Amino acid sequence: MKNYSKQREEIIEVIKSLYTHPTAEEIYMIVKGKDPAVSRSTVYRNLGMLVENNIVNQISSVVGPDRYDYIRDIHNHVVCTKCGKVFDFDHNFNFNRIRKEIRDKTNVEILKKGFTFEGICDACKQKNK
């Protein structure tokens with residue numbers, strides 16, 4: 001990214017400090033608490049730039065808003081399809097082999113490393129009992 005932005009740096013610091021995969025609205029509320037002059041559109045626009053520049057991951061959910069994760073290293077996610085909570089998990093998938101297989105079968109070049117799986121978390125399973 002070409003231009004330095006104090007607000008963008010604050011957004012990055014908020015995401016770095018949280019391992020909860022915050023939503024854009026949660027990020028906005030924290031940044032707004034530190035800098036009352038920041039606007040919601042500034043946070044959302046900067047999140048888009050950070051995703052585009054591979055500084056943060058945007059994790060889409062089938063339920064609830066997208067969540068954000070600072071890219072420290074390659075890791076995978078599981079998203080609960082009931083509550084939208086995101087969990088990190090490490091597993092050494094052979095990414096290059098999988099990427100090649102996908103490209104060979106679909107002609108789609110995979111750009112992002114790491115996988116996102118969907119399931120139901122223990123808390124949601126307990127609620128349904």
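Criteria and thresholds
Residues numbered from 1 in each chain as written. Predicted model: local features only at pLDDT ≥ 70, side-chain atom pairs only at ≥ 80, totals over all residues. Heavy atoms only, no water. Salt bridge = Lys/Arg side-chain N within 4 Å of Asp/Glu carboxyl O. Helix = DSSP H or I, 4+ residues; strand = E, 2+ residues; numbered from the N terminus. Buried < 20%, exposed > 50% of the residue type's maximum accessible area, 1.4 Å probe, protein only. Expected span 1.5 Å × (residues − 1). Arc of directions from axis to C-beta. Contact = heavy atoms within 4.5 Å. Core = buried A, V, L, I, M, F, W, Y, C linked by side-chain atoms within 4.5 Å. pLDDT = per-residue confidence, 0-100. Pairing = 2+ DSSP bridges. Axes fitted to C-alpha atoms, helices over the stretch in contact; angles between N-to-C directions.

**Describing the pattern of salt bridges**
And step 1. In this structure the tally under the stated criterion is nine salt bridges.
And step 2. Residue Arg-67 pairs with Glu-26 through a salt bridge whose shortest N-O separation is 3.8 Å. One end of the pair, Arg-67, is in strand β2 (residues 67-70); the other, Glu-26, is in helix α2 (residues 24-34), with 41 residues separating them in the sequence.
And step 3. On the basis of relative accessible area, Arg-67 is assigned to the buried category, the value being 15%.
And step 4. Across the salt bridge formed by Glu-101 and Arg-97, the nearest N and O atoms sit 3.6 Å from each other. Of this pair, Glu-101 and Arg-97 both sit in helix α4 (residues 95-106), separated by four residues, roughly a single helical turn.
And step 5. Residue Glu-101 is classed as partly exposed on the basis of its relative accessible area of 36%.
And step 6. Connected through shared salt-bridge partners, Arg-97, Glu-101 and Lys-105 make up one network.

**Side note on helix α1 (residues 6-17)**
An α-helical segment advances 3.6 residues per turn. Residues three or four places apart therefore align on the same side.
And step 1. For α1, built from 12 residues, the straight-helix expectation of 16 Å at 1.5 Å per residue is met to within 8% by its first-to-last C-alpha distance of 16 Å.
And step 2. Those residues of α1 not exposed but buried are Arg-8, Ile-11, Ile-12, Val-14 and Ile-15. Considered in projection along α1, the buried side chains sweep an arc of 160° and stay on one side of the axis. With respect to the buried face of α1, the exposed residues turned more than 90 degrees away are Lys-6 and Ser-17.
And step 3. Structurally, α1 contributes buried residues whose contacts are with α2, α3 (40-52), β1 (56-59) and β2.

**Side note on the nonpolar core**
And step 1. Formed by 15 residues in total, the largest nonpolar core has its most connected members in Ile-11, Ile-15, Ile-27, Val-43, Leu-47 and Tyr-68.
And step 2. For this core, the secondary-structure elements that each account for two or more residues are α1, α2, α3 and β2.
And step 3. Not counting residues within four places of it along the chain, the set of residues in contact with Ile-11 comprises Ile-27, Val-31, Thr-42, Val-43, Asn-46, Leu-47 and Leu-50.

**Some words on the confidence of the model for the protein**
And step 1. Mean pLDDT over the protein works out to 90, with 98% of the residues at or above the 70 mark.
And step 2. Across the protein, the element-wise mean pLDDT spans from 90 in strand β4 (residues 86-89) up to 97 in α2.

**A short note on the sheet that holds strand β5 (residues 116-119)**
Remark on secondary structure: sheet strands pair via backbone hydrogen bonds, oriented parallel or antiparallel.
And step 1. One open sheet holds the three strands; their spatial order is β4-β3-β5, and the pairing between them is mixed. Since the sheet does not close on itself, it has two edges, and those belong to β4 and β5, each with one partner. On average, each strand axis in the sheet is inclined to that of its neighbour by 25°, with strand direction left out of account.
And step 2. Note: strand β3 (residues 76-80) against β5, four bridges, orientation parallel.

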